[in-house]
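Each chain, letter by letter, is given below.
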Amino acid sequence: MVRQIHFLISVFVLSIVIPLFALEKQSMPDHLSNSTVLILLGPPGSGKGTQAKRLAVDYQIPQISTGDLFREHMASGTDIGNQAKKYIESGSLVPDEIVLSMLFDRIEKPDCKNGYLLDGFPRTEVQAEQLSKHKSMNTSVLVLCLDVPDEEIIKRAEARLVCRQCGAIYNRLISPPKDNGVCAKCGGEVYRRTDDDPEVVKKRLTVYRTLTQPLIEYYHSRGLLEHFDGSRLPDAVHHDLRQSIDQRSNRQ
Ligand code: AMP
């Protein structure tokens, strides 16, 4: 009789404790199973920056945007900024040597030790090859490709506004900054990027199709790429990206 009571108590306690453990696991901060490198690929204006910012917070890894790094260099008037300016303003790519040395300096910093997220890099096959040879790349790589049709890209670029200070992204029509011209996150100046001018966007799209799109096949053939419909609302895209990253992480 006593043993039966013990047994029933054990079953009762376990039926409470096991779901509690499961609940705690669900509410634990997200993490990547090892130092994963996430790469966001997609045409200009496909939402890479918006999604990268959210994923960087979710997984507590640095978001590294080569476009943001160049804009910071230009604002501070460094050599890199001065060299990059003419390419950026005309919608061309900055030469590989300049991008690679700037990027490698950044990913060698200690905060990248447990993984990082690349937004806007690589953009050429040379960059992809050089990245694959970097010492941090003996870890796992997942390439998340955002697909958005050209007409939608042009519409988005016309409406995009960016904070000069923290890089927060706004949409003039859907999510304008509440205080006109002032970033709600940091108080910085919100402005329209000169390379979001429709003619420059068309050039950037052509450059993307010619030099960057081949990377889809490059990563697909290595089994590292997943496609996402980037023309949906940011929350829906974010949900699917999270699901994919978590699934990949659990498989490792
Ligand atoms: P983004 O903010 O990613 O749209 O980048 C803005 C501009 O910076 C691009 O149009 C290019 O001129 C330059 N840029 C950014 N990343 C790269 C890269 N990986 N390779 C070459 N140029 C880049």
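Scroll up a little and you will see the structure.
Residues numbered from 1 in each chain as written. Predicted model: local features only at pLDDT ≥ 70, side-chain atom pairs only at ≥ 80, totals over all residues.

Colleague: Give a detailed account of the sheet that holds strand S4 (residues 141-147), specifying residues and quantitative values.
Modeller: Pairing within the open sheet is parallel, and its 5 strands lie in the order S2-S3-S1-S4-S8. In this open sheet, the two edge strands, each paired with only one partner strand, are strand S2 (63-65) and strand S8 (225-229). Along the sheet, successive strands turn relative to each other by an average axial angle of 20°, direction set aside. Running at roughly 175° to strand S3 (residues 116-119), helix H2 (residues 48-59) makes contact with strand S1 (37-41), S2, S3 and S4 of the sheet. (Pairing = 2+ DSSP bridges. Helix = DSSP H or I, 4+ residues; strand = E, 2+ residues; numbered from the N terminus. Axes fitted to C-alpha atoms, helices over the stretch in contact; angles between N-to-C directions. Contact = placed C-beta atoms within 7 Å.)

Colleague: Provide a residue-level description of helix H7 (residues 150-159), including the pertinent values.
Modeller: Within H7, the full set of buried residues consists of Ile153, Arg156 and Ala157. Around the axis of H7, the buried residues are gathered within 100° of arc, so they sit on the same side. Buried residues along H7 sit against strand S5 (160-163) and helix H8 (198-212). (Buried ≥ 20, exposed ≤ 12 C-beta atoms within 10 Å, placed from the backbone. Arc of directions from axis to C-beta.)

Colleague: I'd love a proper account of the sheet that holds S5, names of residues and values included.
Modeller: Through backbone hydrogen bonds, the strands of a sheet pair up, either in parallel or in antiparallel fashion. One open sheet accounts for 3 strands, arranged S6-S5-S7; its pairing is antiparallel. If you trace the sheet from one side to the other, it starts and ends with strand S6 (169-171) and strand S7 (190-191), each paired once. One ladder, built from 3 bridges, connects S5 with S6; its direction is antiparallel. The residue bridging Val162 from the neighbouring strand is Ile169, located in S6.

Colleague: Describe the pairing of S1, listing the residues and the values that go with them.
Modeller: For S1, the tally of buried residues reaches 5 of 5 residues, placing the bulk of the element in the interior. Residues Val37, Ile39 and Leu41 line one face of S1 and the alternating positions Leu38 and Leu40 line the opposite face, and both faces are buried. Both S1 and S3 contribute to a ladder of 4 bridges, which runs parallel. Looking at the pairing, Leu40 lines up with Asp119 of S3. Inspection of the sheet shows S1 paired to S4 by 5 bridges, in the parallel sense. Across the sheet, the residue bridging to Ile39 is Val143, located in S4.

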